[in-house]
Amino acid sequence: MPKTRSSSSVLKSNNKQGSTSNSKKRKTQKKKQKKIKNMVLVSNLSRNVKDEALKEIFGFFGVLSSVSILYDEKNNNLPLQHAFLLYEHEGDAEQADQYMNQGIIDGKTIKCERISSDTQEKYKDKIIQARQEKLKTAEIKREKDKEAKQKEDNAEKEKEDQKKEEKEPETKEQMEKRKEQDRLRREKDKKEREKEREKEREKEKEREKEREREKEKEKERREREREREKEKEKEREKEREKRKRDRIEREKREKQKEKERRERKEREREKEKEKEKERQREKEREKEKEKERQNDKIKKKQITKKKKPQQKAKSSSSSSSSGSSSSSSDSSSGSSSSSSSSPHKQVQKPQAASNKKAASSSSSSSSGSST
């Protein structure tokens, strides 16, 4: 027996733990599923209040994204004295509910209730149902009042007839007349009732016609709204096309600017290349000039080397014989003149070549600058 008790106690404790854990989970889920109450339901408004007035009053507490007053579409679009105010932030709705509840607008005390935007349709259906029930009860009261009045009238007439009978004893003729009068009165009552029923039927028909008219008006309004939406869509499409065109034009302009930049860069590069070519040409010219100078120096050295042995030969011939000095001097003078003339000619030839090269280089430089 004690073993069974212990097992049952363990099962109970496990069940309790499981139930507590499930309850905790449900609570956490409910906390997570808390809805954002950024809407305020305002009730008991006067029929003169409009959307603009509510925006001015309740816009003091925060930014309103939408304001909608309920209307009874079945009864000539009469206001139902309720409105939904949607705020962008939940704190603004809380402040409006806190400070404007039991406030006064247009001489009437209003009521404010903070709700979520998902429950708007539920509250709307409840308000419309309450309105319909009120109208039905009002119609029933009217009918009951009419019936009570008719009963009171009939009762008064019967009392009057009874009083007359008690005062004067009726003869047969009077009885017949009274019966006829009662019959005629009943017939009149029936006719009046039938007329009232016909009037009620006509009223119902008129109401049905009004409802049909309202439905037609609603259809027309919806069609107009659709047309407006279509026009708005067309305008939006036009704006989109304009934006596309502007974007394409901008892209074209940017492409043209990029092309111009590239062309400028290419031109600058070409100019730089030309400048580099000219610099290279000038360097080549300088190199050629240096080569010519070196060649001139080498030639001068060669000429000086040739003159030295001739001078030595002259000195030896003058010392060997004095008698033949005159003849040798004549011959040496002739030879020296010939030798001196020959190196002068050799010097003049490279100078002329150098002058020709300088002229050709100057002509090439002028052609490069012209290009």
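Look up: the structure comes first, before these words.
A quick note: this is a predicted structure, and the numbers were derived from the prediction, not measured.

Criteria and cut-off values
Numbers given to residues run from 1 along each chain, matching the order in which its sequence is written. The predicted nature of this model means local features are confined to residues of pLDDT at least 70 and side-chain atom pairs, given and counted, to a pLDDT of 80 or more, with totals for whole chains, interfaces and linings taken over all residues. Note: side-chain values were computed over all heavy atoms of the structure, leaving out hydrogens and water. Only buried residues count toward a nonpolar core. Its members are Ala, Val, Leu, Ile, Met, Phe, Trp, Tyr and Cys residues joined through side-chain atoms within 4.5 Å. The classification of residues rests on relative accessible area computed with a 1.4 Å probe and restricted to protein chains. Under 20% of the type maximum is buried, over 50% is exposed, and intermediate values are partly exposed. Secondary structure is summarised from DSSP: a helix means a run of H or I of at least four residues, a strand means a run of E of at least two, and numbering begins at the N terminus for each. Any two residues having at least one pair of non-hydrogen atoms within 4.5 Å are treated as being in contact. Only one rule defines a salt bridge in this text: a Lys or Arg side-chain nitrogen within 4 Å of an Asp or Glu carboxyl oxygen. To pair, rings of Phe, Tyr and Trp, with the six-membered ring standing in for Trp, must have centres within 6.5 Å; the planes then decide the type, stacked if under 30 degrees apart, edge-to-face if over 60, and tilted in the middle. Charge over a ring is defined by NZ of Lys or CZ of Arg lying within 6 Å of the ring centre and within 35 degrees of the ring normal. By this definition, two strands are paired if DSSP reports at least two bridges between them.

A. Geometry of the nonpolar core. Residues Val40, Val42, Leu54, Phe58 and Ile110 are the most contacted members of the largest nonpolar core, which totals 18 residues. Put simply, the parts of the chain that give this core at least two residues each are β1 (39-43), α2 (51-58), β2 (64-72), β3 (78-87) and α3 (90-100). With residues near it in sequence (within four places) discarded, phenylalanine 58 still touches Val42, Leu64, Leu85, Tyr87, Ala96, Met100, Ile105, Ile110 and Cys112. Met39, Leu41, Leu70 and Ile127 belong to the second largest nonpolar core, which has 7 residues in total.

B. Main features of the pattern of salt bridges. Summed over all chains, the structure comprises 7 salt bridges. A salt bridge links aspartate 72 to arginine 131; the shortest N-O distance between them is 3.7 Å. A residue pair is termed long-range when its members are at least 10 positions apart, and aspartate 72 in strand β2 and arginine 131 in helix α4 (residues 120-167) qualify at 59 residues. Salt-bridge contacts for arginine 114 lead to glutamate 90; the nearest nitrogen and oxygen are separated by 3.4 Å.

C. Here's a closer look at the packing of aromatic side chains. Throughout the structure, instances matching the rule amount to 2 aromatic pairs. Ring centres of phenylalanine 60 and phenylalanine 61 lie 5.7 Å apart, and the angle between their planes is 80 degrees; this geometry places the pair in the edge-to-face category. An angle of 5 degrees between the planes, with centres 6.2 Å apart, marks the rings of phenylalanine 61 and tyrosine 99 as stacked. With phenylalanine 61 in the loop between α2 and β2 and tyrosine 99 in helix α3, this residue pair connects regions lying 38 residues apart in the sequence. By the ring-pair criterion, three or more aromatic residues cluster together here, those being Phe60, Phe61 and Tyr99. Here the basic side chain of lysine 126 rests over the ring of tyrosine 123, its NZ or CZ set 5.6 Å away from the ring centre.

D. Structural view of unusual backbone geometry. The backbone of asparagine 44 shows a phi angle near 65 degrees, a positive value even though the residue is not glycine. Among the secondary structure elements, asparagine 44 is positioned in the loop between β1 and α2. Although it is not a glycine, glutamine 102 sits at a positive phi angle of roughly 65 degrees. Its place among the elements puts glutamine 102 in the loop between α3 and β4 (104-105).

E. Seen up close, the pairing of β2. Pairing between β2 and β3: 7 bridges, direction antiparallel. By the bridge assignment, serine 66 is partnered in β3 with leucine 86. Between β2 and β3, which pair antiparallel one after the other, the connecting turn spans 5 residues, and asparagine 76 there sits at a positive phi close to 60 degrees.

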